[in-house]
Number of protein chains: 2
Amino acid sequence: MVDYVTMPPKEARWLIREGKYTKQTSGMCAGYAQANLAVLPAEYAYDFLLFTQRNPKSCPVLEVSDKGSRRLNSIAPGADIAADIPKYRIYKNGVLEGEYTDVVRYWREDFVSFLIGCSFSFESELLSSDIPVRHIEEDRNVPMYITSIDCVPAGIFHGKMVVSMRPLPPDQVVKAVTVTASMPRVHGAPVHIGDPEVIGIKDINKPDFGDSVTIHPGEVPVFWACGVTPQSVVMSAKPSIAITHAPGHMLITDVKNTLLKF
Amino acid sequence: MVDYVTMPPKEARWLIREGKYTKQTSGMCAGYAQANLAVLPAEYAYDFLLFTQRNPKSCPVLEVSDKGSRRLNSIAPGADIAADIPKYRIYKNGVLEGEYTDVVRYWREDFVSFLIGCSFSFESELLSSDIPVRHIEEDRNVPMYITSIDCVPAGIFHGKMVVSMRPLPPDQVVKAVTVTASMPRVHGAPVHIGDPEVIGIKDINKPDFGDSVTIHPGEVPVFWACGVTPQSVVMSAKPSIAITHAPGHMLITDVKNTLLKF
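Each chain carries its own residue numbering, running from 1 in the written order of its sequence. For this description, chains carry letters from A and ligands carry numbers from 1, given in the order in which they are written. Where local features are concerned, this predicted model is filtered to residues with pLDDT of at least 70; where side-chain atom pairs are given and counted, the filter is 80 or more; whole-chain, interface and lining totals use all residues.

Peer 1: Summarise the overall build of chain A; cite the residues concerned and give the values.
Peer 2: A count of helices and strands for chain A gives 6 helices and 11 strands. Here the C-alpha coordinates of chain A stretch approximately 55 × 45 × 35 Å along the principal axes. Exposure criterion: with C-beta atoms placed from backbone coordinates, a residue whose C-beta has 20 or more other C-beta atoms within 10 Å is buried, one with 12 or fewer is exposed, and one in between is partly exposed. Residues counted as buried form 45% of the 262 residues belonging to chain A. By definition, residues are in contact whenever their C-beta atoms, placed on the basis of the backbone, come within 7 Å of each other. Here the contacts in chain A between residues at least 6 apart in sequence split such that 77% fall between residues at least 24 apart. The secondary structure listing takes helices from DSSP runs of H or I that are at least 4 residues long and strands from runs of E that are at least 2 residues long, numbered from the N terminus.

Peer 1: Would you mind going over the domain arrangement of chain A in detail, with residue names and values included?
Peer 2: How big an interface is tends to be stated in terms of accessible area lost as the parts join. Residues and elements named next belong to chain A. A domain assignment, automatic or from a database, supplies the domain bounds used here. Under the domain assignment used here, chain A contains domain 1 (9-119 + 237-261) and domain 2 (130-230). When each unit is reduced to the centre of its C-alpha atoms, the spacing between domain 1 and domain 2 is 22 Å. Tallying the contact residues gives 22 residues for domain 1 and 22 residues for domain 2. With 6 residues, the single largest contributor to the side of domain 1 that touches domain 2 is helix α2 (residues 42-54). Residues of the side of domain 1 that touches domain 2, tallied by class, amount to 12 nonpolar, 6 polar and 4 charged. Each residue is assigned to one of three groups, with Ala, Val, Leu, Ile, Met, Phe, Trp, Tyr, Cys and Pro labelled nonpolar, Asp, Glu, Lys and Arg labelled charged, and all others, Gly among them, labelled polar.

Peer 1: Talk me through the environment of Arg71(B); I want residue IDs and the actual numbers.
Peer 2: Residues and elements named next belong to chain B. Among the secondary structure elements, Arg71 is positioned in the loop between β2 (61-64) and β3 (88-92). For Arg71, a count of 14 C-beta atoms within 10 Å puts it in the partly exposed group. Sequence separation between Arg71 and Ile81 is 10 residues; the distance between their C-alpha atoms is 6.1 Å.

Peer 1: Any details on the interface of chain B and chain A? Residues and values, ideally.
Peer 2: With 8 residues of chain B at the contact, the number on the chain A side is 8 residues. Looking at the side of chain B that touches chain A, the elements that each hand over two or more residues are α2 (42-54) and β2 of chain B. Here the side of chain B that touches chain A takes 5 residues from α2(B), the largest share from any one element.

Peer 1: Any chance you could break down helix α1 (residues 9-17) of chain B for me, citing the residues and the numbers?
Peer 2: Residues and elements named next belong to chain B. Pro9, Ala12, Arg13 and Ile16 are the residues of α1 that are buried. Take α1 and look down its axis: the buried residues cluster within an arc of 100°, on one side only. Packed against the buried residues of α1 are β1 (32-41) and β11 (251-256). Two residues or fewer after α1 comes Gly19, characterised by a positive phi angle close to 75°. Our arc is simply the arc of the directions from the helix axis toward the C-beta atoms.

Peer 1: Tell me about the environment of Gly68(A), and name the residues and values.
Peer 2: All names here are of chain A. Assignment of secondary structure puts Gly68 in the loop between β2 (61-64) and β3 (88-92). In the structure, Gly68 is positioned 42 residues away from Asp110 in sequence and 5.1 Å away in space, judged by C-alpha atoms. The residues touching Gly68, leaving out its near neighbours within four places in the chain, are Glu109, Asp110 and Phe111.

Peer 1: Please provide a residue-by-residue account of the nonpolar core, values included.
Peer 2: Ala35(A), Val163(A), Ala35(B) and Val163(B) are the most contacted members of the largest nonpolar core, which has 142 residues in total. Among all residues touching Ala35(B), those that are not within four sequence positions of it are Leu62(B), Ile75(B), Leu115(B), Ile116(B), Gly117(B), Cys118(B), Met250(B), Leu251(B) and Thr253(B). By definition, a nonpolar core groups buried Ala, Val, Leu, Ile, Met, Phe, Trp, Tyr and Cys residues that connect through C-beta atoms lying within 7 Å of each other.

Peer 1: How would you summarise the relation of the copies chain B and chain A if you had to cite specific residues and measurements?
Peer 2: Alignment of the copies relies on least squares applied to C-alpha atoms, considering only residues that score at least 70 for pLDDT in both. Overlay of chain B on chain A (RMSD 0.0 Å): rotation 180°, translation along the axis 0.0 Å. Both chain copies can therefore be described as sitting about a two-fold axis. Across chain B, the rotation axis passes nearest the C-alpha of Tyr46(B), at a separation of 2.6 Å. A shared binding surface is used by both copies, with 100% of the interface residues of chain B retained as interface residues in chain A.

Peer 1: An account of the packing of α2(A) against α2(B) is needed here, citing residue identities and associated values.
Peer 2: In helix packing, the relevant descriptors are the interaxial angle and the interaxial distance, both defined with respect to the helix axes. Fitting a line to C-alpha atoms yields each axis, with helices limited to the stretch in contact; the angle taken between N-to-C directions then spans 0 to 180 degrees. Relative to each other, α2(A) and α2(B) sit at 35°, their axes nearing to 10 Å. Pair α2(A) / α2(B) crosses with left-handed handedness. Contacts from Ala45(A), Tyr46(A), Leu49(A), Leu50(A) and Gln53(A) of α2(A) reach α2(B) at Ala45(B), Tyr46(B), Leu49(B), Leu50(B) and Gln53(B). By residue class, the composition of the contact of α2(A) with α2(B) is 8 nonpolar, 2 polar and no charged. Handedness of a crossing is defined here by the sense of rotation of the near helix relative to the far one, left-handed for an anticlockwise turn of less than a right angle and right-handed for a clockwise turn.

Peer 1: Which residues make up the sheet that holds strand β6 (residues 144-150) of chain B, and what values do they have?
Peer 2: Residues and elements named next belong to chain B. Strand pairing is assigned whenever DSSP identifies at least 2 bridges connecting the two strands. Spatial strand order, β6-β7-β9-β8: 4 strands in an open sheet with antiparallel pairing. Because the sheet does not close on itself, it has two edges, and the strands there are β6 and β8 (192-193). Pairing of strand β7 (residues 160-168) with strand β9 (residues 220-225), which is carried by 6 bridges, proceeds in the antiparallel orientation. Bridge pairing links Ser164 to Trp224 in β9. Packing against the sheet, helix α5 (residues 173-181) makes contact with β7, β8 and β9, and its axis sits at approximately 10° to β9. Relative to the sheet, helix α6 (residues 228-237) contacts β6, β7 and β9, its axis offset from that of β7 by approximately 155°.

Printed below as a string of structure tokens:
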């Protein structure tokens, strides 16, 4: 049986490129950062890059490719952006067209790729610090909510911030803030602690994305800016074409999570 | 006598706009961040924004204006980018054309303004932490050096990193790293500690910009990425036109230095 947990990222990316692995990447290549993907035609690239600059907590950019290039120089040298993710989605005018295990034949010379940090990285740091992560304990997807917090608009891109929520015992909250504050490249410190209504969440048990999780009596819901924000903002701007990863099917990078602190 | 040190930023910007203050801004409006300015036509804006994303230690962007707008929404609401800096420089094809106390009549609808963090902010934090800042003690400009460290290129923009240097007693070095590491929006932690030759500096007593300062026996030179990097990179790319602040004549923002930690 193949051990995906201890596999080096380069090897995992090869298996994915060869079509031998097409499932979610959660838990693969332990200790290495995984990244969200958004590919846009160059005509939208400036507005989107500006949007990420203005909304660094939701959109912490790890790397932007050169125009037309399928390569990354910094976070995953040797990776093929169009083939090393297990499942891609293509949207046209904001509508999902289909899912693909690679997008090589759809690649265009005017495409620019944005790789954005993912909360998988800080979750592994929370666990190392003996802070419980409920949706992992319950083997569910993290609960995510559309808030009333406006992102700072840039050009055609605007929308509400999406957050993820992890319930914590009160004596773990300060530790969780400190641990994640040291990792601004993967969403950083929480954006809100406590009462969900303050940020426009009406029912904590009905997330807009992902699964609901158990909140034990006395536990405090803690909310972090979520990488679904840029995807949701991109889709609502209805660009002529956009390529993203399918949820949970990320790019595995060569960057260790611990190095995202610097 | 007017007390510029305790003056609120809004008032200082008004005096500057009215032409009643045209000197350097060092020490004005204590506790508030000051910003470097680079204005470029929109055709260069994507490459330059990408350059800042790839080189966050030298080019920590505080705010990017909307195209054609002379306003800032975040760091200095109400400020006029074209009038609230005491002295501007206009470069054409990389050559200095002249210095002006405002650039209103030169403003164009395709201009984009980049406001970039300045080491004045972390120097005030160093002083609050009882860490000596030599060039302030000696009433000189900070010594700056062109290093052998390549910036990550983006489009037409490329070049070597420029660093500033502050000599410290050995028992203050760790404290200085910790204090500045907590302020990534104003250059963050040092890029090098110790032997200047490691980063291509041949003679520590002959800085490329600014003044040399006394290094006492046993003191360690500590090097930070410097806001001169983006200006030097912009100039060497020779854009048709670029407007910058004149050295030391910064935009005074409404953002408190202590808030640059978040």
